[in-house]
Amino acid sequence: PLELLVNIDVGSLDDAVAFYTEGLGLRLKRRLFENTVAELDGVGCPILLLEKAAGSPIGPGASQARTYARHWTAVHLDFAVAALEPAVERAVRAGARLEAGIQSFAWGRQALLCDPFGNGFCLLELRNGGYDAATSA
């Protein structure tokens with residue numbers, strides 16, 4: 001069986017641990033690799049914060065440099081929460097940027113945000129059966 005591990009590049013490990021624990025309620029499990037990686041838990045799969053310097057290559061032989069300005073990626077995280085407004089307020093207080101107001105759908109509500117390192121994520125409040133309400137026959 002496969003195991004999912006989520007890795008998030010960050011410019012400052014201490015700042016990222018503070019954001020993800022204070023802003024989203026995750027828990028620091030341990031620090032690894034000479035204190036360049038922090039493992040967080042509390043969401044069903046480990047989230048690993050990897051400290052990588054801004055301007056460093058994104059991979060071996062890559063010409064693109066790592067940046068912590070707001071950036072787009074095809075993969076992002078959604079965190080399901082019990083109550084959306086307090087979760088958004090908590091994340092913003094910890095350093096997230098709210099990018100779109102709360103939107104409502106048949107399955108619930110969502111807010112689009114980004115962390116202090118430019119990584120996008122959504123907070124979701126599932127209602128009415130959650131994604132089952134979006135199922136088409």
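Thresholds applied
- Residues numbered from 1 in each chain as written.
- Predicted model: local features only at pLDDT ≥ 70, side-chain atom pairs only at ≥ 80, totals over all residues.
- Heavy atoms only, no water.
- Pairing = 2+ DSSP bridges.
- Helix = DSSP H or I, 4+ residues; strand = E, 2+ residues; numbered from the N terminus.
- Axes fitted to C-alpha atoms, helices over the stretch in contact; angles between N-to-C directions.
- Contact = heavy atoms within 4.5 Å.
- Buried < 20%, exposed > 50% of the residue type's maximum accessible area, 1.4 Å probe, protein only.

Help me out: how do you make sense of the sheet that holds strand β1 (residues 6–10) in this one?
As a general point, the strands of a sheet are linked pairwise by backbone hydrogen bonds and lie either parallel or antiparallel. The sheet built from four strands is open, its strands ordered β1-β4-β3-β2 with mixed pairing. Edge positions in the open sheet fall to β1 and β2 (27–32), since each of these has one partner strand only. Sheet twist, expressed as the mean angle between neighbouring strand axes with direction ignored, is 25°. Taken together, the five bridges between β1 and strand β4 (residues 47–51) define a ladder with parallel strand orientation. Within β4, the position partnered with valine 10 by the bridge is glutamate 51. The strands that helix α1 (residues 13–23) touches are β1, β2, β3 (37–41) and β4; relative to β2, the one it contacts most, it runs at about 160°.

Just to check I follow, could you spell out α1 for this structure?
Every buried residue of α1 is listed here: Leu13, Ala16, Val17, Phe19, Tyr20 and Gly23. On its buried face, α1 sits against β1, β2, β3, β4, α2 (84–93) and β8 (120–126). Looking one or two residues beyond α1, the residue adopting positive phi is glycine 25, at roughly 85°.

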